[in-house]
Amino acid sequence: GRYLGIATGDLAQALRLYTWNTALSESLYGPLQGLEITLRNKIHERLTAVFSAHWYDDARVGLRHGQQQRIAEAKETLRFQRKPLEPGRVVAELSFGFWVALFGPKYEDPLWRAHVRPVFVNAASPLRRRDVHKVLDEIRLLRNRIAHHEPILQRPLREEHGIIVTAIQWLCATTSSWIEHHSRFEEIYAARPH
């Protein structure tokens, strides 16, 4: 129905738009995956270097109740799957929302100032926590729309794709280059059905 509305009742056009929306979602999956994995790995590496590989259990990190609950759920999932509670597995089990929440206002001090800011090694200028949170949260919302198979074709996708690539660049130039090289987004975006 939403596609029919966009296509002003033209069923054939609605089906073309639906197919294009699916292709757009697919084309953004790789960049989103690259960002999520790079972000979590960089934070995990940094906090492991400062605290230990089990940083998520260390009270000095200052994780709030919501993040502690996500850690407990991740561990429970691994137990249920009869997998070892290795740090890499726990970290991989955490959602993108978990990582984005670490940039919320409650984590300004000491997590952001003392420990997380340095993971953004390639930012052109020093980043503020709230700006990073805003960017990552916007990306999280786009990711969730894609994951829930919702229409994204009316969003500013070219701008959002650029934001994803920029966020990856802040963290790792190599990953950013790889994503840009393999991304099919521009090709798919240009193929909008008329």
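Structure's up top.
What this report covers is the structure whose coordinates are included nearby. (Residues numbered from 1 in each chain as written. Predicted model: local features only at pLDDT ≥ 70, side-chain atom pairs only at ≥ 80, totals over all residues. Heavy atoms only, no water.)

The final tally for this structure, using the stated rule, is 10 aromatic pairs. With a centroid separation of 4.9 Å and an interplanar angle of 85 degrees, the aromatic rings of F98 and W99 are classed as edge-to-face. Of the two residues examined, F98 and W99, each falls in the buried class. With 5.9 Å between their ring centres and 45 degrees between their planes, W112 and F120 make a pair best called tilted. On the accessibility criterion, F120 (8% relative accessible area) is buried. Taking the ring centre of Y107 as reference, the NZ or CZ of R64 above it sits at 5.8 Å. (Phe/Tyr/Trp six-rings, centres within 6.5 Å; stacked < 30°, edge-to-face > 60°. Buried < 20%, exposed > 50% of the residue type's maximum accessible area, 1.4 Å probe, protein only. Lys NZ or Arg CZ within 6 Å of the ring centre and 35° of its normal.)

The grouping of L4, L11 and L15 at the surface amounts to a nonpolar patch, some 280 Å² of accessible area in total. For L4, the location among the structural elements is in helix α1 (residues 2-6). (Patch = residues over 30% accessible without salt bridge, like charges linked within 9 Å, V, L, I, M, F, W, Y side chains within 5 Å. Areas by Shrake-Rupley, 256 points an atom, 1.4 Å probe, with all protein chains shown as cover. Salt bridge = Lys/Arg side-chain N within 4 Å of Asp/Glu carboxyl O. Helix = DSSP H or I, 4+ residues; strand = E, 2+ residues; numbered from the N terminus.)

Attention shifts here to the nonpolar core. Counting 54 residues, the largest nonpolar core has W55, F103 and F120 as its most contacted members. Among the elements that take part in this core, helix α2 (residues 11-50) stands out by supplying 10 residues, more than any other. Leaving out residues up to four positions away in the same chain, F120 has contacts with L39, F103, W112, L127, V132, W170 and L171. (Core = buried A, V, L, I, M, F, W, Y, C linked by side-chain atoms within 4.5 Å. Contact = heavy atoms within 4.5 Å.)

Following the sequence through the fold, P156 ends up in the loop between α7 (129-147) and α8 (157-171). You can call P156 partly exposed: its relative accessible area is 46%. Spatially, the C-alpha atom of P156 lies 39 Å from that of E86, the residues being 70 residues apart in sequence.

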